[in-house]
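# What the coordinates show
Each chain is listed here by its residues.
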Amino acid sequence: MAAARNPRNPRRRGAILAAVTPFLAFADYLRLRLVDRAWRLYCRRVGHAPPPFPWLMLPERESPPGAGAGARRVFYDVPGGRSYGYRVPSRDMHRCVATGHGWVVMVAVDAPRRVMLLNPITGDQRIMAWPFARWNARFHAVLTSSPAAGEAGCFLVVVADRLLAFCRPGADFQGWETLRAPGFRHHAALSDVVAVGATVYLVDERRRLWRADLADENPKVQRRDTGFALPSLELRRHYLVESLGHVLLVLSDERHNRVALYKLNWDARAWLPIAACPGERVLLLGRGCSAAVPSSSAAGRAPGTVLFAHQPSTLPDVDVAARGQAWFWSESRVGAAPGDLLVLKKTVPHRHGEFPADGDSFWFFPAVDPDENAR
């Protein structure tokens, strides 16, 4: 009754939440926290704060043929050393291409081609047709915010050669819109996409930039020639990541022994080299899942530490000695140069052969705002 009289009053809602707390499991805390700010505030007061560090969604475990259309994927809390399991469509049916805001972006592997948004914790789904007339396996995807929040600024974006398609994946899905991005070419290792609010940025192998504000009434793609000479020809992998509203470009060699960091100055049409990530951040990098999180949540990892998700299907592993062994992420740091440190390839406790050596891992964000615990 109190909630009905004033459902936005956090004190009255807190009384209701306190009454049901003894009957909830950990998964229930996660499920409700993703959609309700009052619940997140209450959880922090009673000691059930959201995980401050994104989880790593491990590759689908090996299973016998005919095991079913769904698989229980392992989500690993890196600082805490704990694993959680949630059902995700099998890789025989859908392929994960991106994550964000508690959701996984997946694409059907066979016709009819379609794009699926899945919240593994709540089980909520959104299914949309493939945005382009023809199938093309060379693309990037990004989700600007959670579709469950009902925000007008939530967009799902798919970027292919010279084309950018976007839609609002909420309950009012009204189809895809397509913008031209002249000159943009997809490259598995050297192009990437990132969202800052409703604005999407694309970078290509020459480090040129495209930008589109999808919240505009008539969005258009702007281009900047921000190319620059590489400090080393070994830096053959590019990642875009947002940190405190800044767009950062991370350059790395294939083994992550050398890592360089640049910050975008859009008006000056330039990538400016910087020695550290703004705001004492730890960088989590991977195709479709990059983020910057407070170092205070990283279990002793210093600012400037970089964790690379292992994604051999899009970025093949060049270390022959490690092939055949299941590992899921590696750790380096900004400013690293060959000989400065030993790049560690990390794994989790598992049975031999449980995970495929060629499976992709993705950073996954069960908390709405990873900075909530840093304030």
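Numbers given to residues run from 1 along each chain, matching the order in which its sequence is written. Reporting of local features is limited, given that this is a predicted model, to residues whose pLDDT is at least 70; pairs of side-chain atoms are given and counted only at 80 or more, and all residues count toward the totals for whole chains, interfaces and linings. Heavy atoms throughout the structure, all of them, feed into the side-chain values; hydrogens and water do not.

If you check an unreviewed UniProt entry, the chain appears there as KIB1-4 beta-propeller domain-containing protein from Oryza glaberrima.

## Things to note about the environment of R224
Secondary structure elements are defined from DSSP: runs of H or I of at least 4 residues count as helices, runs of E of at least 2 residues count as strands, and each element is numbered from the N terminus. Structurally, the position occupied by R224 is in strand β15 (residues 221-224). Taking the C-alpha atoms as reference, R224 lies 6.0 Å from R269; in sequence the two are 45 residues apart. In contact with R224, other than residues within four places in its own chain, are R208, L209, W266 and R269. A 3.5 Å cut-off defines polar contacts: any pair of N or O atoms within that distance qualifies, except that in protein one atom must be a possible hydrogen donor and the other a possible acceptor, and neighbouring residues in sequence count only when both atoms are side-chain atoms. Within the local environment of R224, its side chain forms a polar contact with the backbone oxygen of W266, the two atoms lying 3.4 Å apart. Any two residues whose heavy atoms approach within 4.5 Å at even a single point are treated as in contact.

## Comments concerning the pattern of salt bridges
We define a salt bridge as a contact between a side-chain nitrogen of Lys or Arg and a carboxyl oxygen of Asp or Glu at a distance within 4 Å. A full pass over the atoms with the stated rule returns 7 salt bridges. Where R138 meets D161, a salt bridge forms, and the shortest distance between an N and an O atom there is 4.0 Å. Residue R138 is found in the loop between β7 (125-129) and β8 (140-143), and its partner D161 is found in the loop between β9 (156-160) and β10 (163-167); the two are separated by 23 residues along the sequence. Among the residues examined, R138 registers a relative accessible area of 37% and is labelled partly exposed. In this scheme, a residue with accessible area under 20% of its type's maximum is buried, one over 50% is exposed, and one in between is partly exposed, where area comes from a 1.4 Å probe on protein chains only.

## Describing unusual backbone geometry
For residues other than glycine, phi is negative in most cases, and the peptide bonds are mostly trans. A111 connects to P112 through a cis peptide bond whose omega is -5°. Phi at R207 is positive, roughly 65°, even though this residue is not glycine. When you line up the elements, R207 lands in the loop between β13 (199-203) and β14 (209-213). Of the residues examined, R207 reaches a relative accessible area of 10% and is grouped as buried. You will see that R269, though not glycine, has its phi angle at about 55°, which is positive. Along the chain, R269 falls in the loop between β18 (259-265) and β19 (270-274). R269 sits in the partly exposed class, given a relative accessible area of 46%.

## Notes on the sheet that holds strand β21 (residues 291-294)
Should DSSP find at least two bridges between two strands, the strands are taken to pair. Spatial ordering of the open sheet is given by β21-β20-β22-β23-β24, a layout of 5 strands whose pairing is mixed. The sheet is open, and its two edges are formed by β21 and β24 (344-346), each paired on a single side. Ignoring strand direction, the axes of neighbouring strands in this sheet form an average angle of 25°. Bridge count between strand β23 (residues 329-333) and β24: 3 bridges; the pairing is antiparallel. The partner of W329 across the bridge, within β24, is K346. To get an axis, fit a line to the C-alpha atoms, keeping to the stretch in contact for a helix; angles then go from 0 to 180 degrees between the N-to-C directions.

## A short note on the pairing of strand β6 (residues 114-118)
Counting buried positions along β6 gives 4 out of 5 residues, so the element sits mostly inside the fold. Adjacent in sequence and paired antiparallel, strand β5 (residues 103-108) and β6 are bridged by 5 residues. Across 5 bridges, β6 lies against β7 in antiparallel orientation. Note on β7: the bridge partner recorded for R114 is A129. The turn linking β6 back onto β7 is made up of 6 residues, and G123 within it adopts a positive phi angle of 80°.

## Section: the side chain of N119
Assignment of secondary structure puts N119 in the loop between β6 and β7. When its relative accessible area of 2% is taken as the criterion, N119 is described as buried. A polar atom in the side chain of N119 sits 3.2 Å from the backbone nitrogen of T122.

## Describing the pairing of β14
Relative to β14, β13 runs antiparallel, the two sharing 5 bridges. Each residue of the ladder has a partner; that of T199, found in β14, is D213. Once β13 ends, the chain turns through 5 residues before running back antiparallel as β14, passing R207 with a positive phi of about 65°. Where β14 meets β15, 4 bridges bridge the pair, whose relative direction is antiparallel. Among the inter-strand pairings, A212 is bridged to a residue of β15, identified as V221.

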